[in-house]
Amino acid sequence: MEAYKLLHDGSIALARVEANGMRIDMRHLENTARRATFRAKFLTELLEKDPIYGKWRARFGRSASLTKRQQFAYVLFDILKYECRARTAPTAAYPLGQPKTDKKSLAHIDSEFVQDYFRLMKYLRIKSTFLEGIKREVVNGFLHPIQNLNIARTYRGSSDHPNGQNFPVRDPEMGKMIRQCIIPRNKNYVGVEFDFKGIEVAVAACYCKDPNLISYVSDPSKDMHRDMAAQCYMLPPDKVSKYLRYCAKNQFVFPQFYGDFYPHCARALWESLDREPEVKGYLASKGIRKLGKCDPQIDPVKGTFEYHIKEVEADFWGRRFEKYAQWKKRQWEQYQEEGGFNFFTGFAETGIFSRNDVTNHRIQGSAFHILLWTLIQTDKWLRQRRMRSKIINQIHDSMMMDVHRSEYQEVLAKVIRIATIEVREHWPWIIVPLTIEVEKYKTNWHNKRPVKLEAVA
DNA sequence: CAACAAAGCGCG
DNA sequence: AAAGCGCGCTTTGTTG
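Residues numbered from 1 in each chain as written. Chains lettered and ligands numbered in written order. Predicted model: local features only at pLDDT ≥ 70, side-chain atom pairs only at ≥ 80, totals over all residues. Heavy atoms only, no water.

**Quick notes on the overall build of chain A**
The following threshold applies: Secondary structure elements are taken from DSSP: a helix is a run of H or I of four residues or more, a strand is a run of E of two residues or more, and numbering for both begins at the N terminus. As a reference, a globule follows 2.2 Å times the number of residues to the power 0.38, and the radius of gyration itself is taken over C-alpha atoms. Partly exposed describes any residue whose relative accessible area lies between the buried limit of under 20% and the exposed limit of over 50%, with all areas from a 1.4 Å probe on protein chains only and scaled to the type maximum. Any two residues whose heavy atoms approach within 4.5 Å are treated as being in contact. For the area figures, the Shrake-Rupley method with a 1.4 Å probe applies, and any residue is considered shielded solely by the protein chains shown. Working convention for charge: Lys and Arg count positive, Asp and Glu count negative, and His plus the chain ends are omitted. To locate a charge, take atom NZ for lysine, CZ for arginine, CG for aspartate or CD for glutamate.
Each helix and strand in chain A was counted, giving 16 helices and 12 strands. The C-alpha radius of gyration computed for chain A amounts to 25 Å, which stays within 12% of the reference 23 Å derived for 457 residues, consistent with globular compactness. Seen through its principal axes, chain A has C-alpha atoms that stretch 70 × 55 × 45 Å. The buried share among the 457 residues of chain A stands at 49%. Residue pairs at least 24 apart in sequence account for 65% of intrachain contacts in chain A once pairs closer than 6 positions are excluded. In the form shown here, chain A has an accessible surface area of approximately 23700 Å², with 51% of it arising from carbon and sulfur atoms. Positive and negative side-chain charges of chain A, numbering 74 and 54 respectively, have mean locations separated by a distance of 4 Å.

Now the structure itself:
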């Protein structure tokens, strides 16, 4: 019943989110689309002038095209004789797999032609997937992405026509070109984004009740990612830069939590040091000068970085988060006995699942349910009070609003109260504090800036 | 020709 | 023993 109610109330609240929609700056959208088209055209002409494309055309004639990956692979590996380091999974049509042509698999190729190829692909994606994808769906200046609650196996939400949950942000140029098109609904509104900080880690702590993990997510003076960076790179904690902390978070901690293992983590962490080479010197002073093979089939050699990360991994699960490891093991055994598992939010899953699924689904899904409950309560409160502020999107752990200027203080205070206090009263299984980060924009989404919260609370 | 699969890449 | 999870969109390529 609890899960049913969440889906029921969630469907209604999200239907209103769809109806509200996000305001699009159509003039800016058109201008940006023209710029993307121009850059794509420029790069196409540049690449087609290149002697390499001469060979490409000589081989494929009239069917030659820069966007055909099989042709691109043929040119790289059969004509130019670059080393092929990765192939796709075997299929009936290609028992050996095909050469992979994604950015990572070609990282070892030092070629202007390849770099410009990826730049071209980027502008084509900006143009077709994002700008044209938005334009196709705009009605009267507003975009209304569909909000699904019946798709994801984890009982997360999803979004389509267009997907409102994957607008670019990590690539600064891409993020700017797309997010500048999204603006407050009119001059009386401010765009506001409420983001749960580290919600999946917090939910993991609630499920496994590991005392060290609880302590990390509860004590603001502690910093798990900094500590893991210190351990991975063998640095004192106060010598960990922002960048190294970021690397440890995304190349060790999260992959480990979701079930990755040390050869992948070691390689990724090592390669990230290309941007901070002095750390390699520091590691060398500790006797670590080589990465190691990072082949899952072969035991790592003592003295390599891979061997070191293997030890960090053993310490991570054997000592630091021992209770978390025991929880994972217990959950897998229980799933094998019962053929399914239950969420703290009332949901259940039955069927065939991998070891990782059994723990990850609940963490990912329940984290979303905290956001969904927050959204439902916010929507209810806005309507009871006949407020003019509107919820306009949801991105798994964040909620976007157009907040009316006259309601700004009141809305921010209420949403923060729902997200950090009321949701914990509703769900006592949330045994750790929840924190919300707030950002706002007056011009467009790309220009969002952090809101100082003392001013609101 | 339509339907589907695969590859690649955008987000949390 | 097995070794990140969850989505949606576009283009190319295959199948029948």
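Continuing now.
**Quick word on the layout of surface pockets**
Where empty space is left becomes clear once a probe the size of a water molecule has been rolled over the atoms. Note the following rule: Within this scheme a cavity is a closed region of a 1 Å grid, computed over the protein atoms alone, that accommodates a 1.4 Å probe without allowing it to escape, whereas a pocket is open but has protein on both sides within 12 Å along at least five of seven lines; lining residues each have an atom within 4 Å of a point. Grid points are joined across faces, edges and corners, and a volume is the space filled by probe spheres set on the points. Three residue categories are used. Nonpolar comprises Ala, Val, Leu, Ile, Met, Phe, Trp, Tyr, Cys and Pro, charged comprises Asp, Glu, Lys and Arg, and polar comprises the others, including Gly.
Volume-wise, the second largest pocket comes out at about 530 Å³. Lining the second largest pocket are 15 residues; nearest its centre among them are Lys103, Phe118, Met121, Lys122 and Arg125. Per-element tally for the lining of the second largest pocket: the top contributor is helix α5 (residues 112-137), with nine residues. Of the residues in the lining of the second largest pocket, the class split is five nonpolar, three polar and seven charged.

**Describing the domain arrangement of chain A**
Formally: For the domains described, the bounds stem from an automatic or database domain assignment. We define buried area as the total accessible area lost by two parts upon association, computed with a 1.4 Å probe and summed across both. Throughout this description, the term salt bridge denotes a Lys or Arg side-chain nitrogen within 4 Å of a carboxyl oxygen of Asp or Glu. Throughout this description, a polar contact denotes any pair of N or O atoms lying within 3.5 Å of each other; where both atoms belong to protein, one of them has to be capable of donating a hydrogen while the other can accept it, and for residues adjacent in sequence the pair is counted only when both atoms sit in side chains.
Entries for chain A in the domain assignment read domain 1 (2-21 + 180-201 + 362-455), domain 2 (24-143) and domain 3 (211-320). Computed from C-alpha atoms alone, the centre-to-centre distance between domain 1 and domain 2 is 37 Å. Counting residues at the interface gives seven residues for domain 1 and eight residues for domain 2. Looking only at domain 1, the three residues that lose the most surface to domain 2 are Gln180, Cys181 and Ile183, adding up to 64% of its buried area. Connecting domain 1 to domain 2 are zero salt bridges. Joining domain 1 to domain 2, the criterion identifies two residue pairs in polar contact (both at pLDDT 80 or more).

**Overview of the state of the cysteines**
Here is the rule: A pair of cysteine sulfur atoms is labelled a disulfide when the two atoms are within 2.5 Å.
What the rule picks out here adds up to zero disulfides. We note that Cys208 lacks a disulfide partner, and the nearest cysteine sulfur, in Cys206, lies 8.8 Å from it. The class of Cys208 is buried, set by a relative accessible area of 7%.

**Points about the sheet that holds strand β10 (residues 398-404)**
Defined as follows: Two strands qualify as a pair provided that DSSP identifies no fewer than 2 bridges between them. Helix axes are fitted to C-alpha atoms over the stretch in contact, other axes to C-alpha atoms as well, and angles between N-to-C directions run from 0 to 180 degrees.
Sheet architecture is open: five strands sit in the order β9-β10-β6-β11-β12, paired in antiparallel fashion. Looking at strand neighbours, the two that pair on one side only are β9 (390-394) and β12 (449-450), the edges of this open sheet. Direction of pairing for strand β11 (residues 436-441) relative to β12: antiparallel, over a ladder of two bridges. Considered in β12, the bridge of Glu439 is made with Pro450. Along the sheet, helix α15 (residues 355-384) makes contact with β6 (189-196), β9 and β10, crossing β9 at roughly 165°.

**Concerning the pairing of β11**
In this structure, β6 lies alongside β11, joined through six bridges in antiparallel fashion. In the sheet register, Asp195 faces β11, and the bridge partner there is Glu437.

**Quick look at the protein's contact with DNA strand C**
Counted only if it meets this: Whether a residue is near a molecule or strand is decided by its heavy atoms; if any one of them lies within 4 Å of it, the residue is near.
In the region of DNA strand C, 26 residues are neighbours, and Thr67, Tyr94, Arg136, Tyr258 and Gln364 sit closest. Between a phosphate oxygen of DNA strand C and a side-chain N or O atom of Tyr94, the distance comes to 2.6 Å. Contributions of two or more residues to the surface near DNA strand C are made by α5, β4 (158-160) and α15. Sorting elements by how many residues they give to the surface near DNA strand C places α15 first, with four residues. Taken together, the residues of the surface near DNA strand C break down into five nonpolar, 14 polar and seven charged.

**Some details on the side chain of His308**
Inspection of the secondary structure puts His308 in helix α13 (residues 305-320). His308 gets classed as buried once you look at its relative accessible area, which sits at 10%. With near-sequence residues (within four places) excluded, His308 lies in contact with Gln231, Cys232, Met234 and Ile288.

**Some remarks on the environment of Asp223**
Relative to the assigned elements, Asp223 resides in the loop between α8 (211-218) and α9 (224-233). Taking the C-alpha atoms as reference points, Asp223 and Arg245, 22 residues apart in sequence, are found 9.6 Å from one another. Every residue in contact with Asp223, bar those within four places of it in the chain, is listed here: Tyr216 and Arg245. A distance of 3.2 Å separates the side chain of Asp223 from the backbone nitrogen of His225, its partner in a polar contact.

**Some words on the packing of aromatic side chains**
Selection rule: Aromatic pairs are defined between Phe, Tyr and Trp rings, using the six-membered ring for Trp, whenever the two ring centres lie within 6.5 Å; interplanar angles under 30 degrees are classed as stacked, those over 60 as edge-to-face, and all others as tilted. Put simply, a charge is over a ring when the Lys NZ or the Arg CZ is close to the ring centre, within 6 Å, and near the line of the ring normal, within 35 degrees.
Considering all chains together, one arrives at 34 aromatic pairs under this definition. Pairing Tyr207 with Phe344 gives two aromatic rings, centres 4.0 Å apart and planes at 5°, and the pair type is stacked. Within this pair, whereas Tyr207 is found in helix α7 (residues 199-208), its partner Phe344 is found in the loop between β7 (340-342) and β8 (348-350), the two being separated by 137 residues in sequence. The class of Tyr207 is buried, set by a relative accessible area of 5%. Residue placement shows Lys122 over the ring face of Tyr123; its charged tip is 5.9 Å from the ring centre. The ring of Tyr216 is capped by Lys222, whose NZ or CZ atom sits 5.1 Å from the centre of that ring.

**Some details on unusual backbone geometry**
In this structure, the amide linkage connecting His161 to the following residue, Pro162, adopts the cis form with an omega of -10°. Within the secondary structure, Pro162 is located in the loop between β4 and α6 (172-179). One non-glycine residue with positive phi stands out, namely His161, at about 55°. Relative to the elements of secondary structure, His161 occurs in the loop between β4 and α6.

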